[in-house]
Amino acid sequence: MGTAPETQEAVPAGPGAARTPRTGGGALRSAALRWDTAVGVLLVAVFVIGLGSTDGFGSAGNLAFALNDIVEVALIALPMTLLVVAGQIDLSVASMLGLGSALTGALWNAGWAFEAIVPLVLLAGAAGGLLNGWLVTRVGLPSLAVTIGTLALYRGLASVALGSDAVTDFPQKYTDWAVDTTTVPGTFLTYPVVLFIVLAVITAIVLHATGPGRSLFAIGAQEEAAYFAGIRVKRIKLLLFVVAGLFASFTGVVFTLRYGSARADNGLGFEMLVIASVLLGGIDFDGGKGTLFGAVAGVLLIGILKNLLTLNDVANEVQVIVTGLLLVASVLTPRVIASVVERRHRRAANARS
């Protein structure tokens, strides 16, 4: 009993303390120095360069295409941001997308109504996320190892559900939902993009303005201290994996409708794009640091840059290289800056002594 208050004080006194301002109003004072702000500035710069250098880049049609082209990555990036902030990762999300797509096609072929298919696909996603979370929180396995395994498992289940076939006979009223640009009058936003915006706002509020959101930063910064401070660490991590599975399976439905094709290999490799976007946006791979603004900016930067390179006939291989370089820079640069700052502080301290 006598140690409880000391334990609760240990969370703000540890590494999480330096990260706490990122979740509250105090972050505005140091915004210009943050990596996520730099990514936002770079996004604006790339957009302005595109407007001035590439014909058609700023047209409503191209911007609608560019946003819709990254909407699946953007949707999955929301729960991935929460997971990485909490010091976890889920590499199975793209395979769950493929499983959601395969189930959609298989059930449609079996004569199911589309309105009945979606809840079942979401249930499958929740079950997959629950398995990931159970293996991490109850069995005690690292999330990286677990989700590498389930990455193969869920992709294999997708192949069992649909095989190598492609289902393409979905009614136009459903496929139009994913590509219709008249959702908001006077804009070029599609239904999936509007849905992403709504979910992004909700996720930002949860992460940065609620107690559970602040708990994620505490878990990512010092999990043991968070546990002794009374945070339900295992329950929260389990819930995060379930949410990630839900988002990924639903994104499989969105992907299927947008392309009008259900396949077991849909979304292949998407996990790397999602993780690259999140890390590029300043979410610390070690957990405990980052903002949803940064993650969204990272997604948009990769999407806009890809679109700009495509319009300029840059080969896909080069685009992959550029994305890889951005990822390396996003991980390496903040650490180099932190190392330089730490050395300066040590020299100053030594000089004073």
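Residues numbered from 1 in each chain as written. Predicted model: local features only at pLDDT ≥ 70, side-chain atom pairs only at ≥ 80, totals over all residues. Heavy atoms only, no water.

Draft legend 1. Fine view of the overall build of the protein chain. In terms of helices and strands, the protein chain carries 16 helices and zero strands. Rg of the C-alpha trace for the protein chain: 21 Å, near the compact-globule value of 20 Å for 353 residues, within the 12% margin. Each principal axis of the C-alpha distribution contributes one length, and for the protein chain these read about 75 × 55 × 35 Å. Counting all 353 residues of the protein chain, 46% fall into the buried class. (Helix = DSSP H or I, 4+ residues; strand = E, 2+ residues; numbered from the N terminus. Rg over C-alpha atoms; globule rule 2.2 N^0.38 Å. Buried < 20%, exposed > 50% of the residue type's maximum accessible area, 1.4 Å probe, protein only.)

Draft legend 2. Inspection of helix α4 (residues 60-69) at higher detail. Of all the positions in α4, only Asn 62, Leu 63, Ala 64, Ala 66, Asn 68 and Asp 69 are classed as buried. For α4, the elements touching its buried residues are α3 (35-53), α5 (71-85), α9 (172-179), α10 (191-209), α13 (233-259) and α15 (292-311). (Contact = heavy atoms within 4.5 Å.)

Draft legend 3. Spatial organisation of the side chain of Asn 132. As for its placement among the helices and strands, Asn 132 is situated in helix α7 (residues 114-137). Residue class for Asn 132 comes out buried when judged on its relative accessible area of 1%. Beyond its immediate chain neighbours, meaning those up to four positions away, Asn 132 contacts Asp 90, Ser 92, Val 146, Thr 147, Thr 150, Tyr 154 and Phe 241.

Draft legend 4. Expanded view of the confidence of the model for the protein chain. Residues with a pLDDT of 70 or more make up 91% of the protein chain, whose mean pLDDT is 86. Here residues 1-32 is modelled with pLDDT under 50, and outside its nearest four sequence neighbours on either side it reaches 35 contacts, counting other chains as well. (pLDDT = per-residue confidence, 0-100.)

Draft legend 5. Layout of the nonpolar core. Met 80, Phe 114, Phe 196 and Leu 216 are the most contacted members of the largest nonpolar core, which has 71 residues in total. Looking at which element gives the most residues to this core, the answer is α5, with twelve residues. Filtering out sequence-adjacent residues up to four positions away, Leu 216 remains in contact with Leu 82, Val 85, Ala 86, Leu 207, Ile 236 and Leu 240. The next biggest cluster of nonpolar side chains, apart from the first, holds 15 residues, and it includes Phe 57, Ala 276, Leu 280 and Leu 309. (Core = buried A, V, L, I, M, F, W, Y, C linked by side-chain atoms within 4.5 Å.)

Draft legend 6. Geometry of a nonpolar patch on the surface. Taken together, Leu 131, Trp 134, Val 139, Leu 141, Leu 153 and Leu 157 make up a surface patch of nonpolar side chains, about 500 Å² in accessible area. Counting residues per element, the ones that place at least two in the nonpolar patch are α7 and α8 (143-162). Tracing the chain through its elements places Leu 141 in the loop between α7 and α8. (Patch = residues over 30% accessible without salt bridge, like charges linked within 9 Å, V, L, I, M, F, W, Y side chains within 5 Å. Areas by Shrake-Rupley, 256 points an atom, 1.4 Å probe, with all protein chains shown as cover. Salt bridge = Lys/Arg side-chain N within 4 Å of Asp/Glu carboxyl O.)

Draft legend 7. Representation of unusual backbone geometry within the structure. Positive phi outside glycine occurs at Asp 313, with the angle close to 60°. Looking at the secondary structure, you find Asp 313 in the loop between α15 and α16 (316-352). Here Asp 313 falls in the exposed class, since its relative accessible area comes to 71%.

Draft legend 8. Here's a closer look at α13. Relative to the 39 Å expected for 27 residues at 1.5 Å per residue, α13 spans 39 Å between its end C-alpha atoms, a close match to the ideal helical length. Burial analysis of α13 places 20 of its 27 residues in the buried class, which makes it a mostly covered element. Gly 260 occupies a position one or two residues after α13 and carries a positive phi of about 65°. (Expected span 1.5 Å × (residues − 1).)

Draft legend 9. Representation of the pattern of salt bridges. The tally for this structure, following the rule as stated, stands at six salt bridges. Between Asp 69 and Lys 306 there is a salt bridge, and its shortest N-O distance comes to 3.6 Å. Pair noted here: Asp 69 is in helix α4 and Lys 306 is in helix α15, with a separation of 237 residues, a long-range link. Under the relative-accessibility criterion, Lys 306 is labelled partly exposed at 34%. In this structure, Asp 265 and Arg 263 form a salt bridge, with 2.9 Å as the shortest nitrogen-oxygen distance. Take Asp 265: its relative accessible area is 36%, and that puts it in the partly exposed class. Look at Arg 263 and you get partly exposed, because its relative accessible area is 29%.

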